[in-house]
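Spelled out from the first residue to the last, the chains are:
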Amino acid sequence: MSQLSSDIVSVFCDLLGEPAGLHEPCFQGREWDYVKDCIDTGWVSTAGSYVGRFEEMLGDFTDTSHVIATSSGTAALHAIFAGLDIGDSDEVIVPALTFVATANAVTYTGAVPHFADAEATSLGIDAEKLRVHLTEIATTRDGRLINQKTGRRIAAVVCMHTFGHPSDLDALTKLCDDFGIDLIEDAAESLGSYYKGRHTGNQGRVATLSFNGNKTITTGGGGAIMTNDDALAKRLRHLTTTAKQPHKWEFIHDEVGYNYRLPNINAALGCAQLEVLPEFLIQKRQLADAYDHAFSRLDGVTFFKEPSWGQSNYWLNLLMLDASDSTLRDEVLEATNASGFMTRAAWRPMHQLSMFMECPRMDLSVTEDTYTRLINIPSSSQLATRLVNATA
Ligand SMILES: Cc1ncc(COP(=O)(O)O)c(C=O)c1O
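Treat the numbers as computed from the prediction; the structure is a model and nothing was measured. (Residues numbered from 1 in each chain as written. Predicted model: local features only at pLDDT ≥ 70, side-chain atom pairs only at ≥ 80, totals over all residues. Heavy atoms only, no water.)

Chemist: Tell me about the packing of aromatic side chains, and name the residues and values.
Modeler: One pass over the structure, following the stated rule, counts 12 aromatic pairs. With a centroid separation of 5.9 Å and 80° between ring planes, the pair formed by Phe-12 and Phe-295 is classed as edge-to-face. One end of the pair, Phe-12, is in helix α1 (residues 3-16); the other, Phe-295, is in helix α9 (residues 264-295), with 283 residues separating them in the sequence. The residues Phe-12 and Phe-295 share a single accessibility class, namely buried. On the basis of an interplanar angle of 15° and a centroid distance of 4.6 Å, the ring pair of Phe-163 and Trp-347 is categorised as stacked. (Phe/Tyr/Trp six-rings, centres within 6.5 Å; stacked < 30°, edge-to-face > 60°. Helix = DSSP H or I, 4+ residues; strand = E, 2+ residues; numbered from the N terminus. Buried < 20%, exposed > 50% of the residue type's maximum accessible area, 1.4 Å probe, protein only.)

Quick look at the structure:
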C-alpha cells in the first residue's frame, strides 16, 4: 500500500472509527408516522395530500414559486426537455462531468447532448470556455442558435451543481442571455446549496432536484421540477400528470403526457425528511470541516471546498489527488474500500461512454484531468455524530 493510501485510511479510522458507506439515508424524524398515515388511509399513490405538502415545503425552502414533484430526477429532466419542445433537430449543452442521467434525458427527446468542460473551482460548466467554443462553432439564424458543424439548433445549457457545489450561475446566466438560449439547472445534488445567497435551481429558467436514496434527503425514489415561470410550470404539471384535462369522470388527455407524478407514500417520506433537512445540512458541514482539517495535514491530496461565490451542501465530499494519476487513484480506492471506508471515482466522463462518443463537444481537458484525480469519500450526515464521539 502506498504511503498516501495508508495515510488516507488512517484519517478515516481516526475520524470515523468504524467502516462507513458513501452516503446512507437517515430516518430520524416522523417518517414512520407519515408513511403509516398513507397506508392507514389508503392514499399511497399519486393522489393524496402529502404530494402537495411536499411541493409547498420545497417551494418555501428553496424560495421558488412552483415545484412539481416527480417520480425521479431523470423524469423531471425529461419532462422539462419535452415541455420546452426540444426534439430531434436540437442539441443541448450538458457537462461532460455529470451523472449519466443529465445526458440520457436529453436523448429521450431525440435531441443530442453536446458536452461542455468543467472549471476547477466548482467543477461546474466553465462559462468562459463555453463562450469561446460557442463563438467558434455557432451562429444565430432567425433568432435560433445553430451549430454550424451539425446544422442543429443549440436549444439550452444544462448546468449541474457538482456534488453540491454551486456552479458560477451569474457567468452562466450571462452566457445564455448573450446567446439567446435557456439555462436549465440540474440541481439533483444541491438541495441546501446556495449561490450568492440564492438557492440553487432558482436562477435558471427551470431546474430539477433528485430524492434518490443517496441524496441529502430521500423519498426512496423521486425528484422535482422547480421554476418561477408560471406558464412553464402549468405546462410541466400537465405533462407530468399524463396531460389529463381536469374532469370528475371523463378521461381526456390532450397530448402525449407522462406518468411522472411522485406517489403520495414517497412524498410522505419526503415531508418528514424535509423537516430535518436543516439539521442534516449542519451535520454535513461539520463533517466537511473535520475532513478539511484532517486532510490539510496530508501531502499529495486536497479536500475540495465550496467556491467563494456560494455555500455547498457538501452532498458528496471529495478529495483531489495532486497528481493526475489514475493508477494512484485506483490504489487509494482499493485500499480505502478494503478497509471498510467506501470511496469511489468520479463518473466516467460522458464523452468516454460508448453511446455518447460521437456527440459534439468542446475541449474537455479539465474534465479528463479531474476524472483521474477525484475520489468521493464517506459523506452521510449521520457520520457527524461519530466525530463528536471520536473527539469526546
Ligand atoms: C446530476 C444528477 N442528475 C440527475 C440525477 C437523476 O436523478 P434520479 O436518480 O432521481 O433519476 C442524479 C442522481 O441520481 C444526479 O446526480
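After presenting the structure, the write-up continues.
Chemist: Go over the site of the ligand with me, naming the residues and quoting the values.
Modeler: Near the ligand lie 15 residues; those nearest to it are Gly-73, Thr-74, Asp-186, Glu-189 and Ser-210. A distance of 2.8 Å separates an oxygen atom of the ligand from a polar backbone atom of Gly-73. Relative to its free-state accessible area of 380 Å², the ligand is covered by the protein chains to the extent of 92%. Those elements that place two or more of their residues in the shell around the ligand are α4 (73-83) and α5 (100-108). (Near = heavy atom within 4 Å. Polar contact = N/O pair within 3.5 Å; in protein donor to acceptor, adjacent residues only side chain to side chain. Areas by Shrake-Rupley, 256 points an atom, 1.4 Å probe, with all protein chains shown as cover.)

Chemist: Provide a residue-level description of the nonpolar core, including the pertinent values.
Modeler: Formed by 56 residues in total, the largest nonpolar core has its most connected members in Phe-81, Phe-115 and Leu-130. The element contributing the most residues to this core is α4, with seven residues. When residues of this core are assigned to domains, at least three fall in each of domain 1 (3-24 + 276-391) and domain 2 (31-273). The residues touching Leu-130, leaving out its near neighbours within four places in the chain, are Ile-93, Ala-116, Ile-125, Val-157, Leu-175 and Met-362. Counting 29 residues, the second-largest nonpolar core is a separate cluster that includes Val-67, Ala-207, Val-276 and Leu-277. (Core = buried A, V, L, I, M, F, W, Y, C linked by side-chain atoms within 4.5 Å. Domains from an automatic or database assignment. Contact = heavy atoms within 4.5 Å.)

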